[in-house]
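In case you want the letters, here they are:
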Amino acid sequence: MRYLMAALAIPVGLANGTAYAQRPPLVLAAASLQESLTAAADAWAKKGHVKPTISFAASSALARQVESGAPADLFVSADEDWMNELAKRNLIVASTRVTFLGNRLVVAAPASSTVRIPVRPPAALARVLTGGPLAMADTAVPAGKYGQASLEKLGVWAQVSPKVVRAENVRATLALVERGAAPLGIVYATDAKASAKVRIAGVFPENTHPAITYPVARLKASTNPDAEAFRRFLVSREGKAIFVRYGFSAR
C-alpha cells in the first residue's frame, strides 16, 4: 500500500491546466515483475514518454485496491483468477485484456546450499521439503496457489503443510530464503534469477499446477491518455522481449 499511496501523491494540476497529460500512468503490477516491468517503463520513457509509476504487490492485494476505487490505469496480474475477478465486477476494459507472459515455479535455496529437490518419489520430496521451514506465499496470492496445487498433485502436501511459513507475496517469500529464515522457498524462476543470494534447487513439473500466466488490462477508471499506449507497448514484440531477458516466456 505504501507504494500506491506514494504514487497517488503525485501532483495532478498545474497553473496552465495541462498537467494531467503529464501525469504518469499508474500501473498496479504483480510483485514478481519488479525488475522486468521497471526495465520496460525505462524503455518506454526513452521513447519520449512520461515514465509510468508502478506499484508492486501481491496480485490479490492490488485487485482489492482496484475494487476499493484506487485511481489506477493498468493492472498486471500473476494469474488469470484475479483478472477474472475484476472482469466480473466490470472494472477492466475487456477488449484490452491480453495474456502476454508465462513463468515457471521453482524451489529456491541459498546460493551456498547444495540441496537438490527430487520430484519423485513423493517420500523423497517430502523428506527434503520438511527438513526445515518452507517459505511460500499465502494461498490468496498466485504463487502460493500454484505452490499448494503442485504439492497436492505430487502427493506431499499433507506432510509438508505443517512446515510452511506464509509470506504476503512471492518477493517476501524470496526474502525469507535470502535472509536464511527458511532453507527453501517456493517462488517463480524469474524471482530466483533476480537474486544473487539464491539458486534454483528444483523446478516443479508444469503439469502439476495451473499454467502460470500474466494478463494485463486497462482499468475502466483510467482516464490517462498515455495508459493505453503503454499497455500496447508491453504486449508488443519489443515489449515482450524485455521480459524474456528477465526469464519470462512470451505468449
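Residues numbered from 1 in each chain as written. Predicted model: local features only at pLDDT ≥ 70, side-chain atom pairs only at ≥ 80, totals over all residues. Heavy atoms only, no water.

Enquirer: Sorry if this is basic, but what is going on with the overall build of the protein here?
Expert: Assigned secondary structure in the protein consists of 11 helices and 11 strands. Over its C-alpha trace the protein gives a radius of gyration of 19 Å, about what one expects of a compact globule, namely 18 Å for 251 residues. Oriented by its inertia axes, the alpha-carbon framework of the protein measures out at about 65 × 35 × 30 Å. By the burial criterion, 51% of the 251 residues in the protein qualify as buried. Across the protein, every contact between residues at least 6 apart in sequence was considered, and the portion connecting residues at least 24 apart equals 76%. Carbon and sulfur atoms provide 54% of the accessible area of the protein, an area that totals close to 11,000 Å². Of the charged side chains in the protein, 30 are positive and 17 negative, and the gap between their average positions amounts to 5 Å. (Helix = DSSP H or I, 4+ residues; strand = E, 2+ residues; numbered from the N terminus. Rg over C-alpha atoms; globule rule 2.2 N^0.38 Å. Buried < 20%, exposed > 50% of the residue type's maximum accessible area, 1.4 Å probe, protein only. Contact = heavy atoms within 4.5 Å. Areas by Shrake-Rupley, 256 points an atom, 1.4 Å probe, with all protein chains shown as cover. Lys, Arg positive; Asp, Glu negative; His and termini not counted. Charge placed at Lys NZ, Arg CZ, Asp CG, Glu CD.)

Enquirer: In this structure, what is going on with the nonpolar core? I would like to understand it.
Expert: Generally speaking, soluble globular proteins have nonpolar side chains that are buried together. Grouped together as the largest cluster of nonpolar side chains are 61 residues, with contacts concentrated most on Leu33, Leu37, Leu151 and Tyr214. Filtering out sequence-adjacent residues up to four positions away, leucine 37 remains in contact with Val27, Ala29, Ile54, Phe56, Phe230, Leu234 and Phe243. Listed in part, the 14 residues of the second largest apolar core include Leu26, Leu28, Ala63 and Ile92. (Core = buried A, V, L, I, M, F, W, Y, C linked by side-chain atoms within 4.5 Å.)

Enquirer: Would you mind going over the environment of tryptophan 44 with me for this structure?
Expert: In this fold, tryptophan 44 is placed in helix α2 (residues 34-45). The class of tryptophan 44 is buried, set by a relative accessible area of 6%. With 190 residues separating them in the primary sequence, tryptophan 44 and leucine 234 have C-alpha atoms 9.1 Å apart. For tryptophan 44, the residues in contact, after removing those within four places along its chain, are His49, Val50, Pro52, Asp226, Ala229, Phe230 and Phe233.

Enquirer: How should I be thinking about the sheet that holds strand β1 (residues 26-30) in this particular structure?
Expert: The pairing of strands in a sheet happens through backbone hydrogen bonds and is either parallel or antiparallel. Judged by pairing direction, the sheet is mixed, and its 6 strands sit side by side in the order β2-β1-β3-β10-β4-β11 without closing on themselves. Of all the strands in the sheet, just β2 (53-57) and β11 (249-250) have a single pairing partner and so form its edges. Of the pairings in the sheet, the one linking strand β4 (residues 98-102) to β11 comprises 2 bridges and is antiparallel in character. Along β11, the bridge assignment pairs glycine 102 with serine 249. Strand contacts of helix α3 (residues 59-67): β1, β2 and β3 (74-76), with the helix running at about 145 degrees to β1, the strand carrying the most contacts. Here helix α4 (residues 80-88) sits on the sheet and contacts β3, β4 and β10 (213-218); the angle it forms with β10, its principal contact strand, is near 25 degrees. (Pairing = 2+ DSSP bridges. Axes fitted to C-alpha atoms, helices over the stretch in contact; angles between N-to-C directions.)

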